[in-house]
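# Structure at a glance
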Amino acid sequence: MGIHMHPSLLRAFTAFLALFLATPAAAQLFGTATRFATGTQPNCLAVGDLNRDGRSDLVATNTAVNTVSVLLGTGTGGFGVATSVVVGTGPTWVALADFNADRQLDLAVAVVDNRVVVLLGNGAGGFGVPTGFPVGAFPTNVVVADLNLDSRPDIVTTNFQLGSASVLLGNGAGGFAPATSYPLGVSFPDLPAIGDVNRDGRVDLVVANGGLNAISVLLGNGSGGFGAPTTFPAGGNPTAVALDDFNGDGRVDAVVTNAASSCSVMLGNGAGGFAAPTSFTTAPSPRFIATGDLNRDGRVDIAMGTNGGGGLLSVLINDGAGGFVHTAFATGGAFSRCIAAADLNADGNVDLVTANAGGNNVSILLGNGVAAGQGLLTFGTGTAGCGGMLGMTGNTPPRIGTATFALAATNAPRFAAGFVLLGTIADLPGSDPLGLGLRLHVSLASSPLLLLTTSTTGAGTSHLPLPIPPNPGLVSAQIHAQSIWVGHAANGQACSGAVSHLLSSRGVSMTFQP
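Residues numbered from 1 in each chain as written. Predicted model: local features only at pLDDT ≥ 70, side-chain atom pairs only at ≥ 80, totals over all residues. Heavy atoms only, no water.

Before going further, it helps to examine the packing of aromatic side chains. The full count for this structure, using the stated rule, is 10 aromatic pairs. With a centroid separation of 6.0 Å and an interplanar angle of 85°, the aromatic rings of phenylalanine 246 and phenylalanine 324 are classed as edge-to-face. Here phenylalanine 246, found in the loop between strand E18 (238–244) and strand E19 (253–258), pairs with phenylalanine 324, found in strand E25 (residues 324–330); they are 78 residues apart in sequence, far enough to count as distant. With relative accessibility at 7%, the residue phenylalanine 246 sits in the buried group. (Phe/Tyr/Trp six-rings, centres within 6.5 Å; stacked < 30°, edge-to-face > 60°. Helix = DSSP H or I, 4+ residues; strand = E, 2+ residues; numbered from the N terminus. Buried < 20%, exposed > 50% of the residue type's maximum accessible area, 1.4 Å probe, protein only.)

Following this line, the structure appears as structure tokens:
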């Protein structure tokens, strides 16, 4: 069995990459919001597969009643009735990861009595007794990453009243060493982000610094600690920061919400520094940030929740020339601050979910994709990750002569390397021919068979350009594709049970159109 492909397809997939020249209208990207009830005053949320059924579930913190709400997903973008889990006083933030290496997602919740509370998951959507770990005064968030490179998830919080960050190093069994504190150079630190901003393979910390109208960057030392903060101007009163690669140069950039009706994008230099901010209009009072390829053009876009009663979220579409086009969407809720981007129905399109603190519910806005019957058909389940099934589709109908055609993956591990498998024979139910616990939907008996390398953004999406040549001989020809990824156990992204944390997407069949 040789891994090769027909010459006509080889020319198509190795042709010069041509990106979209115009951004599709943002107003067409998402459907009308659907709301699902939670507890009182949901302040934050997280998305993951809590009961290991391959579907994306939700957890929301209910600050007013000291609980989190668990909403199990239906796999079609809907959710069941919420169940409540008591976690501690005034939960402000929640993160999901596998803290005890049992391949089941656990909860880490910041509570206002100066602790992070960890609840171990049972793999059925339920959680054990909360265990508290002391941190600094008034932790407002929880960020999970492998800070000391031991393949175990660690925790970082920013402490609003102390101007510090607390680091809890995980022991891999659900416990954590006593917290270590790091000054942030800011009086009231707000929402942080983590990423490798200087490309040394170590996790760094970036914090919104409203007191100085800046962001503070603390470079990681690879052993769980951080250096002294360095500040970079970031616009007026920044309240939150997110990291991703917005200009496609392989360096981590930053986007910051400003207290008024704007955000700032700051391009990274790859050495830990950031350029001067460029401001873009948003809905009033932008608050939390999610990133992802919202319109499947291979560029990283931005979505923001807002801190106002109008129930709006902001979507900023990357134009590929350094700009962003803004459109506001109604959530149907109020104070839709916290936002997450994920493929909730595994159709290959990024969806948005907000926690509506003023409405005691969450809002789901499903992303719109290529219409059925246009040459693309998704099938199977793949080997699900912590976020549920991994989506796979095309960015446009596969018509001959379409130089901008690409395969798009969703719900994959963040900043991960992977492969796209293409072949002529589909395995509709899926099988594990390699014995790795990995469900394949493209038969290895295909001839030809092609394996292409790809990678994901910080939002777990990928975009693999496959220009289709104007060859009439391709009309009605059919090929099948599937993406394969290596999950990161330390970041809570490897829940499949497969050997070496391998994950696979759903399959997609492409029938070339005239």
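There's more to say after this.
Sheet architecture is open: four strands sit in the order E22-E23-E24-E25, paired in antiparallel fashion. Only two strands of the sheet have a single neighbouring strand rather than two, namely strand E22 (286–292) and E25. Here the average twist between neighbouring strands, direction ignored, is 20°. Pairing between E22 and strand E23 (residues 301–306): five bridges, direction antiparallel. If you follow threonine 291 over to E23, its bridge partner there is isoleucine 302. (Pairing = 2+ DSSP bridges. Axes fitted to C-alpha atoms, helices over the stretch in contact; angles between N-to-C directions.)

So, on to the pattern of salt bridges. For the structure on display, the rule yields three salt bridges. A salt bridge links arginine 202 to aspartate 200; its shortest N-O distance comes to 4.0 Å. (Salt bridge = Lys/Arg side-chain N within 4 Å of Asp/Glu carboxyl O.)

Residue proline 448 follows serine 447 across a cis peptide bond; omega there is 10°. By the secondary structure assignment, proline 448 is in the loop between strand E34 (440–442) and strand E35 (449–455). Positive phi is not limited to glycine here, since glutamine 41 has a value of about 60°. Note on placement: glutamine 41 falls in the loop between strand E1 (34–37) and strand E2 (42–48). The backbone of asparagine 237 sits at a positive phi, close to 50°, despite the residue not being glycine. In this fold, asparagine 237 is placed in the loop between strand E17 (230–233) and E18. When its relative accessible area of 37% is taken as the criterion, asparagine 237 is described as partly exposed.

Attention now moves to the sheet that holds strand E31 (residues 406–410). One open sheet holds the three strands; their spatial order is E30-E31-E36, and the pairing between them is antiparallel. Of all the strands in the sheet, just strand E30 (391–394) and strand E36 (462–465) have a single pairing partner and so form its edges. Averaged over all pairs of adjacent strands, the angle between strand axes in this sheet comes to 20°, irrespective of strand direction. Summarising the sheet, E30 and E31 pair through four bridges and their orientation is antiparallel. Paired with threonine 393 across the two strands is alanine 408, which belongs to E31.

If you look at the biggest cluster of nonpolar residues, it comprises 76 residues, and the most contacted ones within it are Leu107, Val142, Ile155, Val255, Ile302, Val315 and Leu352. The residues contacting isoleucine 155, other than those within four sequence positions of it, are Phe99, Ala108, Val116, Val118, Val142, Val143, Val144, Leu147, Ser166, Val167, Leu168 and Phe176. Grouped together as the second largest cluster of nonpolar side chains are 22 residues, Leu390, Ala416, Leu422 and Trp485 included. (Core = buried A, V, L, I, M, F, W, Y, C linked by side-chain atoms within 4.5 Å. Contact = heavy atoms within 4.5 Å.)

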